[in-house]
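# Per-entry structural report
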Amino acid sequence: METLQRTANRGSISTGFDIDNSLKFESDNSEELQRNVSSSGSRQTATVSMWIKRTELGVAQYLFTYGNTDNDNGRTFARFQADDTLWIAGGNTLWRGTARVFRDTSAWMHIVIAFDTTQSTANDRFKLYINGVQETSFLTINNPSQNDILGLNFQKQVIGYNSVDGGSYFNGYMAEIVHQDGTASAPTEFGETDSDTGIWIPKDVSGVASGTNGFYLDFEDASNLGNDVSGGTDFTLNNITSADQATDTPTNNFATLNVLNRNAGGSNTGNQNNSIFTEGNTKITGNLPGYWQSGVSTIGITSGKWYFEAKAYDSNTYISTIGYGDEGDIENWGRNNYFPGAAGSKSYGYAGGVAAGYGQIIPSTNQPSPAVPYNQTNIIGVAIDADNGYVYWSKDGTYINGGNPASGASGTGGIAVPTGTGTNGTLLPAVGFYYHTTIPAMVVNFGGYTQFTISTPASDENGYGNFEYAPPSGYYALCTKNLAEYG
């Protein structure tokens, strides 16, 4: 199982400059940004810097497309391939194809590409940096002629889409996109190594965008997410709204559902086709009739107090489960038992389903009487006390069983769940459902982004997360800044 580890989380914790917002891209919604260029800048030299967090693997996805003419002099782009390698190419030629693959969906990654065909050394005409380190191992290397022109700084600039051939939209989050026209920069122009942690982190890039067609997108203005902060022409938003703004950023990385662990019961445990993850990996849709299917957090916990929210996407969700469990038991969730929390997966609690006549909150023990009905309009809050071993559920802000998440070791109204057991004692927030006769779906909110329509925004006591209901006192959103303090 892939979960967030400190060494993999490069660029996700900051001790100085903070990035407040990112933009969520979803291919199912055809979301992308573009602008036309009225006058040409340098056709030989440029730098692109962007922070990204991937949410889908195994399909071609464009980071950017520059130019609009399908030949080497009229088009330059970067994209992830279906095998998760990274390509830098022109209309006719693959300039660079990486040897390694990029499959970490739990952490942010910084990509810098410096173009400079004026260089006398052929291999210096394209430079790729990942988290501040120059990439030197490629399966494919081709170079343009010295002083050749590329598809840079003219015609069109597009983010997250193949504007020439159509399709191949990006899935994930992007932040702090900077383009320099006429300058080939080192990654230290945009980031630096934190002296305490050794993690590559962002730094203030105000004023770094340069040249005729340079730009800087910080996604901070929800009313104008295509705003070029450097003063150039703003980008046009295509199928992007203010709801796509996120607080999941390279300096405060939030949990999402883990696309690398899509489980179902029985013989299909671990099958990566079990379910479909979309909306920045905050929505899970069933894809395997007749089985339980689940999604787990990219961030595991061993201590602390944490809060998240979830809801059924519609009335088709027959039986849903919302809770957390031990990593050692995660693949058993829903196997041989309709009710996780019993013998099938001893360390889980759960909340029962949504379909008509079946909607009620039913913890694995200490069931409320009468039962607490709910449907797809209700938000289920989950407060996890990993220090004392209790989980508490709320319906639209009211905790069942007279639950008091602040009760500590007494666990008033909470459900006892073992801690420090199983494979390594790591607990994972999770959601799931049984695929009965119609396609079910669940939406989760860890605080960094959600498809929920938030009517009364609330954050934790540190000011992190965007929830419908305020986390209980002493409970926090599952993000790296809070983990650094309480995890």
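Residues numbered from 1 in each chain as written. Predicted model: local features only at pLDDT ≥ 70, side-chain atom pairs only at ≥ 80, totals over all residues. Heavy atoms only, no water.

### What to know about the overall build of the protein
So the rule is basically this: Strands here are runs of E lasting at least two residues and helices are runs of H or I lasting at least four, both read from the DSSP assignment and numbered beginning at the N terminus. The rule is simple: take the accessible area with a 1.4 Å probe, protein chains only, and divide by the maximum for that residue type; under 20% is buried, over 50% is exposed, in between is partly exposed. In what follows, residue pairs with any heavy atoms lying within 4.5 Å of each other are defined as contacts. Exposure was quantified through the Shrake-Rupley algorithm and a 1.4 Å probe, taking into account, for residues, occlusion by the shown protein chains and nothing else.
In terms of regular secondary structure, the protein is built from 1 helix and 32 strands. When the 487 residues of the protein are sorted by exposure, 58% land in the buried category. Pairs at least 24 apart in sequence give 68% of the contacts found in the protein among residues at least 6 apart. Accessible surface for the protein amounts to roughly 16900 Å². Of this, 42% is attributable to carbon and sulfur atoms.

### Some thoughts on the sheet that holds strand β5 (residues 75-80)
Let me state the cut-off plainly: Note on pairing: two strands pair once DSSP finds at least 2 bridges between them. Fitting a line to C-alpha atoms yields each axis, with helices limited to the stretch in contact; the angle taken between N-to-C directions then spans 0 to 180 degrees.
An order of β11-β7-β6-β5-β4-β12-β2-β17 is seen for the 8 strands of this open sheet, with the pairing classed as antiparallel. Two strands close off the open sheet at either side, each with one partner strand: β11 (138-141) and β17 (236-238). Each strand of the sheet is rotated relative to its neighbour by a mean of 10 degrees, with strand direction disregarded. The sheet contact formed by strand β2 (residues 32-36) and β17 spans 3 bridges and is antiparallel. Note on β17: the bridge partner recorded for Glu32 is Asn238.

### As for the pairing of strand β7 (residues 94-98)
When a strand is regular, its side chains alternate between the sheet's two faces. Of all 5 residues making up β7, 5 are buried, and the element is well covered by its neighbours. The pairing of strand β6 (residues 86-90) with β7 spans 3 bridges and is classified as antiparallel. Bridge pairing in β7 links Ala89 to Leu94. Of the pairings in the sheet, the one linking β7 to β11 comprises 3 bridges and is antiparallel in character. Opposite Arg96, over in β11, you have Ile141 as the bridge partner.

### Here's the deal with the environment of Asn131
Considering the arrangement of structural elements, one finds Asn131 in the loop between β9 (126-130) and β10 (133-134). Accessibility expressed as a relative area gives 10% for Asn131, which makes it buried. Residues Asn131 and Ile201, 70 residues apart in the sequence, show an inter-C-alpha distance of 8.1 Å.

### Comments concerning the side chain of Thr251
Defined as follows: The term polar contact refers here to a pair of N or O atoms within 3.5 Å; inside protein, the definition further demands a hydrogen-donor-capable atom paired with an acceptor-capable atom, and it admits residues adjacent in sequence only when both atoms are side-chain atoms.
As for its position among the elements, Thr251 is in the loop between β18 (245-246) and β19 (257-264). There is a polar contact of 2.9 Å between the side chain of Thr251 and the backbone nitrogen of Ile19.

### Section: the environment of Asn287
Tracing the backbone shows Asn287 in the loop between β21 (283-286) and β22 (292-297). Here the alpha-carbon distance between Asn287 and Ile276, two residues 11 residues apart in the chain, equals 6.5 Å.

### Describing the nonpolar core
To keep things clear, this is the line we draw: Residues belong to a common nonpolar core when they are buried Ala, Val, Leu, Ile, Met, Phe, Trp, Tyr or Cys residues joined through side-chain atoms within 4.5 Å.
If you look at the biggest cluster of nonpolar residues, it comprises 36 residues, and the most contacted ones within it are Leu63, Phe64, Ile111 and Phe115. What Phe64 contacts, discounting residues up to four positions off in sequence, is Val48, Met50, Thr76, Phe77, Ala78, Ile113, Phe115, Val158, Ile159 and Gly160. Grouped together as the second largest cluster of nonpolar side chains are 33 residues, Ile322, Ala386, Leu427 and Phe433 included.

### Things to note about unusual backbone geometry
Positioned with a positive phi, Ser30 is a non-glycine residue whose angle comes to about 55 degrees. Looking at Ser30, the relative accessible area reads 24%, which means it is partly exposed. In the Ramachandran plot, Asn131 falls in the positive-phi region, its phi being about 50 degrees despite a non-glycine side chain.

### Quick word on the pattern of salt bridges
Heads up, the rule is: Salt bridge, as used here, is a side-chain nitrogen of Lys or Arg placed within 4 Å of a carboxyl oxygen of Asp or Glu.
Applying the stated criterion to the full structure yields 11 salt bridges. Here Lys24 and Asp244 are joined by a salt bridge, their closest N and O atoms 2.9 Å apart. Remark: Asp244 occurs in the loop between β17 and β18 and Lys24 occurs in strand β1 (residues 22-25); sequence separation between them is 220 residues. For Lys24, a relative accessible area of 0% puts it in the buried group. Close ionic contact of Glu279 with Lys24 constitutes a salt bridge, the shortest N to O distance being 2.9 Å. Taken together, the positions of Glu279 in the loop between β20 (275-278) and β21 and Lys24 in strand β1 put the pair 255 residues apart, joining distant regions of the chain. Overall, Glu279 belongs to the buried group, its relative accessible area being 8%.

### Observations regarding the side chain of Arg125
Applied cut-off: A residue counts as positive if it is Lys or Arg and as negative if it is Asp or Glu; His and the chain ends are not included.
Tracing the chain through its elements places Arg125 in the loop between β8 (109-116) and β9. No salt bridge is formed by the buried Arg125; its nearest oppositely charged neighbour, Asp116, is found at 7.8 Å. Look past the residues within four positions of Arg125 in its chain and what remains in contact with it is Ala114, Phe115, Asp116, Thr117, Gln119, Ser120, Pro144, Ser145 and Gln146.

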